[in-house]
Every structure is written in structure tokens, then in C-alpha cells.
Amino acid sequence: MENGPLVYGLLAALAIALLHAAYTDILRREIEDWLNAAIALSAPLFWWACGLSVWPDMALQLALGAGVFVFFALMFAIGAMGGGDVKLIGAIALWFPWIEMARITIIMSLVGAALTLVVLAEHRMRKRPGQPEVPYGVAIAFAALWPVGERFFNHFA
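Residues numbered from 1 in each chain as written. Predicted model: local features only at pLDDT ≥ 70, side-chain atom pairs only at ≥ 80, totals over all residues. Heavy atoms only, no water.

**Details of the layout of surface pockets**
Argument step 1. In this structure, the largest pocket encloses a volume near 300 Å³.
Argument step 2. Among the elements that make up the lining of the largest pocket, the one with the highest residue count is helix α4 (residues 83-93) (3 residues).
Argument step 3. Across the lining of the largest pocket, the residue classes break down as 6 nonpolar, 4 polar and 5 charged.
Argument step 4. Empty space within the second largest pocket amounts to approximately 230 Å³.
Argument step 5. Lining the second largest pocket are Phe46, Trp47, Cys50, Leu52, Asp57, Leu60, Gln61, Leu64, Trp95, Pro97, Trp98 and Arg151.
Argument step 6. Only α2 (33-50) and α3 (54-77) provide two or more residues apiece to the lining of the second largest pocket.
Argument step 7. At 4 residues, the largest contribution of residues to the lining of the second largest pocket is made by α3.
Argument step 8. For the lining of the second largest pocket, the class distribution of residues is 9 nonpolar, 1 polar and 2 charged. (1 Å grid on protein atoms, 1.4 Å probe; cavity = no way out; pocket = protein on both sides within 12 Å on 5 of 7 lines; lining within 4 Å. Points joined across faces, edges and corners; volume = space filled by probe spheres on them. Helix = DSSP H or I, 4+ residues; strand = E, 2+ residues; numbered from the N terminus. Nonpolar A, V, L, I, M, F, W, Y, C, P; charged D, E, K, R; others polar.)

This is the structure:
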């Protein structure tokens, strides 16, 4: 790690942004565009701080981010996710290599499934009309906080 303090500072900022995304998604079922943009636009600074080369490392991160965004945009198109969720996971994909993104996606899916069951049960118990809205940003944020936390608490990760 080339610029250790800067890397840890950027990861701390990412953690704060993810917590804010989860909070606003619980509160309003919305993840603000400015927050997703800030996460995405700060990724190149993180790449630089980590010492990634422009080719092929940064190019691969851009490709991963675009691929993840396109995949989840298709999920949005079929009504499986909200637009803010898609932008958030796409922005997060700019920060982590593909193997960590695979793990994030698995954790996100498991936490999201559990969250969906809880929201569905609460929706039915209160006999609310319509479809329940799942704050999936919580699952996304939790999953992305996992590798961020590993960098802080497990220095061998």
C-alpha cells in the first residue's frame, strides 16, 4: 500500500458514505445521486493512493464498474432493484477488485434475502396495502462495509 494514511482516510470516507446510504434508504427508500457520484468520483483517487497502474489495473476497475452497473441496471429494468441501489453497487464496484466484488455480491444477496423476509413479514403483519419496499441499500452497504472493515481490523487481508 503506497499512501497508507490516504488509503485509510478514503476507506473511512467510503464507510461513512455507505452508512449514510443505508440510513437514507431506511428513512426515505432513497439513495441520493450526489452520494453515489461522490463514491464513484473518489475511486480514482483511491486507485492512485493504492498505487494502481493506469493499464491494466485502472482499466480493469473501470470495466468491472461498468459491467456491474450494466448487470444491475438489467435488474432495475425488470423491477428487481431501485435506481439508487444500481448506482450505489456500480460505484462500489469501482473500489474493489473482482474477487472482492464477487464476495460483496454474495454477502449482499444473502443479507438482502434476509432483509426482504423481514420487510415482507412486517408488511403482512401490519396488513399494509401494496407491495413492500425493501431498503436494499442496507444490504449493499453492509456487504461493502465487510471488506472495508477487513482493511482496518485485519491487516493481513
